[in-house]
Amino acid sequence: MNEPVKPLPVRSEQRVPLRVVELGARGRGVVAERAIARGELIERSPVIIIPEQERAAVDPTNVGNYIFLWEHGTTGEDIYSRTGRAAVALGYTSLVNHSDDPNCEFVRHIDELALDLYARRAIAPGEELTFDYDMTLWFTPE
């Protein structure tokens, strides 16, 4: 018998001070308001699920540029299969830009409906937060 999933607490204090800024051609992005230590939890975001049957309506929209595939054992590249659930992360994580040399990584808590953003290395105040989208990009990175 499967044990019930224990809820993953999502609290407002699970976010370091962040700021959304305009980054020219990169659009909006997120920068650190204070130093962030390697391995530190930057933000835990609750997510809203987009059921598979609604993906055809959402994927081609601007919101489709901000979704995460929300199935166990998948990667960012799997988003292009247009199958499975997707999720929109509420909070700053959805505005974190791509980098081939990112300073952050995310962990999807699929069953608990939360997305964690961690620092891969120390991040300086004012530095942009980035992660690797782990997919074929639909834009040319700077």
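Figured I'd write up the structure that's included with this text. Fair warning: this is a prediction, and the values are worked out from it, not measured in the lab. Residues take numbers from 1 onward in each chain, read along the sequence in its written order. Per-residue local features of the predicted model are confined to residues with pLDDT of at least 70, and side-chain atom pairs are confined, for both listing and counting, to 80 or more; whole-chain, interface and lining totals are unaffected and use all residues. Side-chain metrics in this entry use all non-hydrogen atoms of the structure; hydrogen atoms and water are not considered.

**A short note on the overall build of the protein**
Thought 1: Scanning the protein from N- to C-terminus turns up one helix and nine strands.
Thought 2: In the protein, the succession of α and β elements from N to C terminus is β-β-β-α-β-β-β-β-β-β.
Thought 3: Whether two residues are in contact is decided by their heavy atoms: any pair within 4.5 Å suffices. Here the analysis covers contacts within the protein between residues at least 6 apart in sequence; of these, 71% occur between residues at least 24 apart.
Thought 4: Summed over its atoms, the accessible surface of the protein is roughly 8,200 Å², and 51% of this surface lies on carbon and sulfur atoms. Secondary structure elements are taken from DSSP: a helix is a run of H or I of four residues or more, a strand is a run of E of two residues or more, and numbering for both begins at the N terminus. Computed with the Shrake-Rupley method and a 1.4 Å probe, the accessible areas treat only the protein chains shown as cover for residues.

**With respect to the pattern of salt bridges**
Thought 1: By definition here, a salt bridge exists when the distance from a side-chain nitrogen of Lys or Arg to a carboxyl oxygen of Asp or Glu is within 4 Å. Tallying each qualifying case throughout the model produces eight salt bridges.
Thought 2: In this structure, glutamate 43 and arginine 15 form a salt bridge, with 2.5 Å as the shortest nitrogen-oxygen distance. Taken together, the residues span a long stretch of sequence, with glutamate 43 in strand S3 (residues 41–50) and arginine 15 in the segment before strand S1 (18–22) at a distance of 28 residues.
Thought 3: Residue classification places glutamate 43 among the buried positions, given a relative accessible area of 1%.
Thought 4: The salt bridge involving arginine 19 is made with glutamate 33; its shortest N-O contact spans 2.7 Å. The rule is simple: take the accessible area with a 1.4 Å probe, protein chains only, and divide by the maximum for that residue type; under 20% is buried, over 50% is exposed, in between is partly exposed.

**Notes on the side chain of glutamate 128**
Thought 1: Relative to the elements of secondary structure, glutamate 128 occurs in the loop between strand S8 (114–119) and strand S9 (130–131).
Thought 2: Polar contact is defined as a pair of N or O atoms within 3.5 Å, subject to the rule that within protein one atom must be able to donate a hydrogen and the other to accept it, and that residues adjacent in sequence are counted only when both atoms are side-chain atoms. At a separation of 2.8 Å, a polar atom in the side chain of glutamate 128 contacts the side chain of asparagine 97.
Thought 3: Those residues in contact with glutamate 128 that lie beyond four places of it in its chain are Leu23, Arg26, Gly29, Val30, Val31, Asn97 and Asn103.

**Comments concerning the side chain of asparagine 97**
Thought 1: With respect to the secondary-structure elements, asparagine 97 resides in strand S6 (residues 97–98).
Thought 2: Here asparagine 97 is in contact with Leu23, Arg26, Arg28, Gly29, Glu128, Leu129, Thr130, Phe131 and Tyr133, once residues within four sequence places are set aside.

**What about the sheet that holds strand S5 (residues 86–89)?**
Thought 1: Strand pairing requires that DSSP identify at least two bridges connecting the strands. Overall, antiparallel pairing links the five strands, which are arranged S4-S5-S3-S8-S7 in an open sheet. Edge positions in the open sheet fall to strand S4 (67–69) and strand S7 (104–109), since each of these has one partner strand only. The mean angle between the axes of side-by-side strands here comes to 35°, regardless of whether they run parallel or antiparallel.
Thought 2: For S3 and S5, the ladder comprises four bridges, and the chain directions are antiparallel. The axes are straight lines fitted to the C-alpha atoms, using for helices just the contacting stretch, and the angles between their N-to-C directions are given from 0 to 180°.

**What to know about unusual backbone geometry**
Thought 1: Of note, the phi angle at leucine 113 is positive, near 60°, even though the residue is not glycine.
Thought 2: Mapping leucine 113 onto the fold places it in the loop between S7 and S8.

**Some details on the nonpolar core**
Soluble globular proteins tend to bury their nonpolar side chains together.
Thought 1: Among the buried residues, those of types Ala, Val, Leu, Ile, Met, Phe, Trp, Tyr and Cys that are joined through side-chain atoms within 4.5 Å form a nonpolar core. Grouped together as the largest cluster of nonpolar side chains are 22 residues, with contacts concentrated most on Ile36, Ile42, Ile123 and Leu129.
Thought 2: At the level of elements, strand S2 (28–32), S3, S5 and S8 are the ones that each hand at least two residues to this core.
Thought 3: At three residues, the largest contribution of residues to this core is made by S8.
Thought 4: Val58, Ile67, Ile79 and Ala86 belong to the second-largest nonpolar core, a separate cluster that totals six residues.

Don't take any of this as a statement about function, it's just geometry.
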